[in-house]
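Chain and residue survey
Chain by chain, the residues:
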Amino acid sequence: MQTRYNAYLTVYLSLVFGIILSLLFVFIEGAAIGAVRAQAELVADLGLDSVFAEYNREILNQYDLFFVDSSYGGASGGIGMVEGRLSDYMSYNMTPDKGLVMPLEYNLLKLQNPYLEISEVSCAGDDECMVWKAQAVNYMKAVYGGDIISGVREHMDQVSSKGLTGQDVAGAVAEQRQEFEENLKEKGIEEFGAESEEGYSYPKVSGTFDEIVGGEILALSLPGGTSVSDAVMDTASYFSMRKKAGAINKGIGLHEGIDRPDGLADELIYGEYLMKKCGNYIKPKETGLLKYQIEYILYGFNSDAGNLRRSVEVLFALRSAANLASIYADSSKQSQAELVAAVISLLLLSPELTDLLKAIILGVWALMETVSDMRQLLGGGRVPLIKGSGEWNTSILDLFTGNIPNGGGKKTAGLSYQDYLRVLMGLMDRNTKAARSLDIVEMDLRQTAGNERFRIDQCMDYMKVSFGFADADGHDFVFDKTMCYE
């Protein structure tokens, strides 16, 4: 008798095992692909981290900002240099044991990177230097907070509302003097030297005016015993001139997520950043090519002496206008000038010219006070923007002695020379200020080892990179990554 066995269980298990095995192979394949993708992303992240870790140390040391110098100390740089650097780092991260002999080693993934492209960058000089300014402004807000510009804004408003810029007090006095003397000559009066018992005479007023406007304003304004830096630079090789010539590296500008620092508050904060990082006449930057760097940003001459001279001329004009406004608001000084003008006009037999002579006396008095102010400011003292009656250093008698007081010492009230520079920077053209400030950055860094050919437009703080990876089985992995300093 034969025994027959049913084989349905064997068939069932065979079928199920085939399905399970197929599913298992799918899981294994998926895990392998996931592992490759994870390694690819990790390699990309580590490569970008390594590139951004190579920020320029001198920019950080001197300016507290982070930028990758794409030239890496060479004569030229750009995206290609950074791509090469990134590729090297990624190659090491894909095969960290390259060159090592390990028994029975075998790389199952065999990850490769056949495609790498940096598709977007932000360069420091992009978009009228907004990339550089954005970092600087964010740094100031983080370190100092927002309450660092209220005084500058207030003083700027005063300067603008009172029209203190653009006035030529000395020119107006010169015209008044010419009109006064022509009137005397028309009356047949050729000699103006009559003098009162008090020592009042027109030639003394006129002589004081000539002493002030006929000489070198810088020499007249400097306190005794001081010297001026003789540093000189060649403007042609720096950022602002290359920018004018269209010879700078450019990226996409500010990348997404970064606020554009183009409001007045941000502009004043950037000005305060420059005051903290750059030198000026009172506090020169000894390690810089130019020592009076704020004055260069304002006026752009190729020497410290030229920039200081122009700074003094502009500040002299502003202080003259402020002093003239102050003296016309002071009834006591008005009365003194009117009395002296009346005495001199009678001596010249021309009482009808009293008002014109009074205007001349008030103008010369304001200019003489301005010389005293400048000596005080350049000596490290302070001068109020608009003076009260008791804050003047000169008297009307000083017009007739030929002696101009040196100032009242280092007063604590009022604005310092640096404060006036803050106001002037706040009023200047923003794009010019930004471009010249990057000139200063280049000058400073070129004085340091390894940065002799440094160019700020080759510095980057943001990158978008397209990656293409492949594994041993021919799977492709393509993705983009972005990175920036925050």
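Residues numbered from 1 in each chain as written. Predicted model: local features only at pLDDT ≥ 70, side-chain atom pairs only at ≥ 80, totals over all residues. Heavy atoms only, no water.

What the protein chain contains, in helices and strands, is 16 helices and six strands. Against the 2.2 N^0.38 benchmark of 23 Å for 486 residues, the protein chain shows a C-alpha radius of gyration of 36 Å, more extended than a compact globule. Expressed along its principal axes, the backbone C-alpha trace of the protein chain runs to roughly 165 × 40 × 35 Å. Within the protein chain, the proportion of its 486 residues that are buried is 47%. Put simply, of all contacts in the protein chain between residues at least 6 apart along the chain, 77% involve residues at least 24 apart. Accessible surface computed for the protein chain: about 23400 Å², of which carbon and sulfur atoms make up 53%. Seen as two clouds, the 43 positive and the 67 negative side-chain charges of the protein chain have centres 3 Å apart. (Helix = DSSP H or I, 4+ residues; strand = E, 2+ residues; numbered from the N terminus. Rg over C-alpha atoms; globule rule 2.2 N^0.38 Å. Buried < 20%, exposed > 50% of the residue type's maximum accessible area, 1.4 Å probe, protein only. Contact = heavy atoms within 4.5 Å. Areas by Shrake-Rupley, 256 points an atom, 1.4 Å probe, with all protein chains shown as cover. Lys, Arg positive; Asp, Glu negative; His and termini not counted. Charge placed at Lys NZ, Arg CZ, Asp CG, Glu CD.)

To continue, consider the side chain of Asp-266. Looking at the element boundaries, Asp-266 is found in helix α10 (residues 264–277). Given the relative accessible area of 15%, Asp-266 is considered buried. Apart from the residues lying within four places of it in its own chain, the contact partners of Asp-266 are Val-137, Lys-141, Arg-260 and Pro-261.

The predicted coordinates should not be examined in detail at positions where pLDDT is low. The predicted model of the protein chain has a mean per-residue pLDDT of 89, with 91% of residues at 70 or higher. Taking the mean pLDDT of every element in the protein chain, the minimum, 76, falls on helix α1 (residues 8–52) and the maximum, 98, on helix α11 (residues 293–299). (pLDDT = per-residue confidence, 0-100.)

Quick look at the nonpolar core now. Ile-59, Trp-132, Phe-180, Tyr-273, Ile-294, Ile-361 and Ile-456 are the most contacted members of the largest nonpolar core, which totals 106 residues. Looking at which element gives the most residues to this core, the answer is helix α14 (residues 354–378), with 14 residues. Residues contacting Trp-132, with those up to four places away along its chain left out, are Ile-59, Tyr-63, Leu-65, Phe-67, Ala-124, Tyr-270, Tyr-273, Leu-438, Val-441 and Ile-456. Core analysis: the second largest hydrophobic core is formed by 26 residues, Val-43, Ala-44, Val-82 and Met-90 among them. (Core = buried A, V, L, I, M, F, W, Y, C linked by side-chain atoms within 4.5 Å.)

What follows deals with the packing of helix α4 (residues 126–144) against α10. At a minimum axis distance of 9 Å, the contact between α4 and α10 shows a crossing angle of 80 degrees. Classified by the interaxial angle, the pair formed by α4 and α10 is roughly perpendicular. Mapping the contact onto sequence places Trp-132, Lys-133, Ala-136, Val-137, Tyr-139, Met-140, Lys-141 and Tyr-144 in α4 and Asp-266, Glu-267, Ile-269, Tyr-270, Glu-272, Tyr-273, Lys-276 and Lys-277 in α10. (Axes fitted to C-alpha atoms, helices over the stretch in contact; angles between N-to-C directions. Parallel < 35°, antiparallel > 145°, perpendicular 65-115°, else oblique.)

Here the focus is the pairing of strand β6 (residues 476–484). Of the two faces of β6, the one holding Phe-477, Phe-479, Lys-481 and Met-483 is buried and the one holding Asp-476, Val-478, Asp-480, Thr-482 and Cys-484 is not buried anywhere. Across nine bridges, strand β5 (residues 459–470) lies against β6 in antiparallel orientation. Along β6, the bridge assignment pairs Phe-467 with Phe-479. Following β5, the chain reverses through five residues before pairing antiparallel with β6; Gly-474 in that reversal takes a positive phi of roughly 85 degrees. (Pairing = 2+ DSSP bridges.)

As a further point, take empty space enclosed by the protein. For the structure shown, the criterion picks out three cavities of 30 Å³ or more. For the largest cavity, the calculated volume is near 40 Å³. Lining the largest cavity are Val-152, Glu-267, Leu-268, Gly-271, Glu-272, Arg-422, Met-425, Gly-426 and Lys-433. Those elements that provide at least two residues to the lining of the largest cavity are α10 and α15 (417–427). A total of four residues in the lining of the largest cavity trace back to one element, the largest contributor, which is α10. Its residues assigned to classes, the lining of the largest cavity comprises three nonpolar, two polar and four charged. (1 Å grid on protein atoms, 1.4 Å probe; cavity = no way out; pocket = protein on both sides within 12 Å on 5 of 7 lines; lining within 4 Å. Points joined across faces, edges and corners; volume = space filled by probe spheres on them. Nonpolar A, V, L, I, M, F, W, Y, C, P; charged D, E, K, R; others polar.)

The next subject is helix α7 (residues 202–214). Residues lying three or four places apart along an α-helix face the same way, a consequence of the helix completing one turn every 3.6 residues. When the terminal C-alpha atoms of α7 are compared, their 17 Å separation across 13 residues agrees well with the 18 Å that a helix rising 1.5 Å per residue should span. The complete set of buried residues in α7 reads Tyr-202, Val-205, Ser-206, Thr-208, Phe-209 and Ile-212. On an axial view of α7, the arc spanned by its buried residues comes to 155 degrees, and they lie on one face. Residues of α7 that are buried make contact with α6 (169–186), α8 (217–221), α12 (304–328), α13 (331–347) and α14. (Expected span 1.5 Å × (residues − 1). Arc of directions from axis to C-beta.)

On to the state of the cysteines. Enumeration over the complete set of coordinates arrives at zero disulfides. Summary of cysteine pairing: Cys-129 is not part of a disulfide, and the nearest cysteine sulfur, belonging to Cys-123, is at 12 Å. Residue Cys-459 stays outside any disulfide, its sulfur separated by 8.6 Å from that of Cys-123, the closest cysteine. Looking at Cys-459, the relative accessible area reads 0%, which means it is buried. (Disulfide = S-S within 2.5 Å.)

So, about the packing of aromatic side chains. Going through the model one piece at a time under the given rule, you end up with 16 aromatic pairs. Taken together, the aromatic side chains of Phe-52, Tyr-55, Phe-66 and Tyr-485 make up a single cluster linked through ring pairs. Over the aromatic face of Tyr-72 sits the side chain of Arg-85, whose NZ or CZ is 4.1 Å from the ring centroid. Directly above the aromatic system of Tyr-144 lies the positively charged group of Lys-276, at a separation of 4.5 Å from the ring centroid. (Phe/Tyr/Trp six-rings, centres within 6.5 Å; stacked < 30°, edge-to-face > 60°. Lys NZ or Arg CZ within 6 Å of the ring centre and 35° of its normal.)

As enumerated under the stated definition, the model contains 29 salt bridges in all. Taking the shortest distance from any N to any O, the salt bridge between Glu-369 and Lys-387 comes out at 2.4 Å. Here the residue Glu-369 occupies a position in helix α14, and Lys-387 occupies one in the loop between β3 (382–383) and β4 (415–416), the gap between them amounting to 18 residues. Residue Glu-369 shares its accessibility class with Lys-387, and that shared class is buried. The salt bridge partner of Asp-457 is Arg-455, with a shortest N-O separation of 2.7 Å. Among the charged side chains, a network of salt bridges with common partners joins Arg-242, Glu-442, Arg-446, Arg-455 and Asp-457. (Salt bridge = Lys/Arg side-chain N within 4 Å of Asp/Glu carboxyl O.)

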